[in-house]
Amino acid sequence: MTDCIFCKIIAGEIPAKKLYEDEDVLAFWDISPQAPVHFLVIPKKHIPRPVDVTEPDERLTGKLLRIAAQMAKENGVEDDYRAIFNNGAKAGQVVFHLHMHIIGGKGRPWPM
Ligand code: 5GP
Ligand code: ZN
């Protein structure tokens, strides 16, 4: 997707502070952190929203969880993080490339 900001980060056209990268997945620090630890874990495949995930994506989406946990451990929030997917503009999704927010080190941030 040429007009997708996260595809541009994957392609190296826009810089990002990366935590992890392999052939399927990229994790990078959120540009506007909402907690002491706030990073995003994304598939390299352009999937617009969580609701667009299909059965062939199951392994990939499971990997997002595993890599997120690994990066949470490495960044000291093993016991204090939330994993959030926003789906749709009304739910606050701004970037339409599937991403998991890992927000940690803040205790329970919202009444949810
Ligand atoms: P959403 O609201 O779509 O769930 O979250 C998008 C997230 O991407 C926001 O937390 C925002 O700060 C982050 N973001 C948007 N553009 C960039 C960027 O160019 N670089 C980085 N590192 N994060 C970004
Ligand atoms: Zn994309």
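My aim in this report is to walk through the structure given alongside it, one point at a time. (Residues numbered from 1 in each chain as written. Chains lettered and ligands numbered in written order. Predicted model: local features only at pLDDT ≥ 70, side-chain atom pairs only at ≥ 80, totals over all residues. Heavy atoms only, no water.)

1. A word on the overall build of the protein
Threshold: Counting from the N terminus, the helices are DSSP H or I runs at least four residues long and the strands are E runs at least two residues long. What the globule rule says is 2.2 Å times the number of residues to the power 0.38, and the radius of gyration is computed from C-alpha atoms.
Counting its secondary structure elements, the protein contains two helices and five strands. Going from N to C terminus, the protein has its helices and strands arranged as α-β-β-β-α-β-β. Expected size for 112 residues packed as a compact globule is a radius of gyration near 13 Å; at 13 Å, the protein falls within 12% of this value. Principal-axis analysis of the C-alpha atoms places the extent of the protein at approximately 35 × 30 × 25 Å.

2. Considerations on the coordination of the zinc ion (ligand 2)
Just so we agree on the cut-off: Distances up to 2.8 Å from the metal define which N, O and S atoms are donors, and 3.2 Å serves for Na, K and Ca; water is absent from the atom set, so sites may look incomplete. Note on geometry labels: four donors, all angles 85 to 135 degrees, give tetrahedral; four donors become square planar and six octahedral when opposite donors are over 155 degrees apart and every other angle is between 65 and 115; remaining cases are irregular. Throughout this description, buried means an accessible area under 20% of the type-specific maximum (1.4 Å probe, protein chains only), exposed means over 50%, and partly exposed covers the range between.
Within the protein, Cys4 (SG), Cys7 (SG), His46 (ND1) and His97 (ND1) serve as the donor atoms for the zinc ion (ligand 2), at 2.0 to 2.3 Å. The coordination sphere of the zinc ion (ligand 2) comprises four donor atoms, whose angles at the metal cover 105 to 116°; the geometry is tetrahedral. Overall, Cys7 belongs to the buried group, its relative accessible area being 15%.

3. Thoughts on the environment of Pro43
For clarity, the cut-off: Contact definition: two residues touch when any of their heavy atoms are within 4.5 Å.
Examined against the element boundaries, Pro43 turns out to sit in strand 3 (residues 37-43). What makes Pro43 buried here is its relative accessible area of 1%. A sequence separation of 18 residues divides Pro43 from Val25, and the C-alpha atoms of the two residues are 4.6 Å apart. Ignoring anything within four residues of it in the chain, the contact list for Pro43 reads Ile10, Asp24, Leu60, Leu64, His97 and Leu98.

4. Side note on the pairing of strand 1 (residues 18-21)
Here is the rule: Strands are treated as partners if at least two bridges between them are detected by DSSP.
Sheet topology places strand 1 next to strand 2 (residues 25-29); three bridges connect them, and they run antiparallel. Paired with Glu21 across the two strands is Leu26, which belongs to strand 2. The antiparallel pairing of strand 1 with strand 2 creates a hairpin that spans three residues between the two strands.

5. Here we look at the site of ligand 1
To be explicit about the condition: Working definition: residue near molecule or strand if any one of its non-hydrogen atoms lies within 4 Å of it. What qualifies as a polar contact is a pair of N or O atoms within 3.5 Å, subject to a donor-acceptor requirement within protein and to the restriction that residues adjacent in sequence count only when both atoms come from side chains. In short, Shrake-Rupley with a 1.4 Å probe defines the accessible areas, and a residue's cover is counted only from the protein chains shown. Think of it as three bins: nonpolar holds Ala, Val, Leu, Ile, Met, Phe, Trp, Tyr, Cys and Pro, charged holds Asp, Glu, Lys and Arg, and polar takes everything else, Gly as well.
Lining the immediate environment of ligand 1, one finds 16 residues, of which Asp30, Gly92, Val94, His99 and His101 sit closest. Contact between ligand 1 and Ile31: a nitrogen atom at 3.3 Å from a main-chain N or O atom of the residue. Take Asn86: an N or O atom from its side chain is 2.8 Å from an oxygen atom of ligand 1. Isolated, ligand 1 exposes 520 Å² of accessible area, and the fraction of that covered by the protein chains is 83%. Mapped onto the shell around ligand 1, the elements with two or more residues apiece are helix 1 (5-11) and strand 2. With three residues, the single largest contributor to the shell around ligand 1 is helix 1. Considering only residue class, the shell around ligand 1 consists of nine nonpolar, six polar and one charged.

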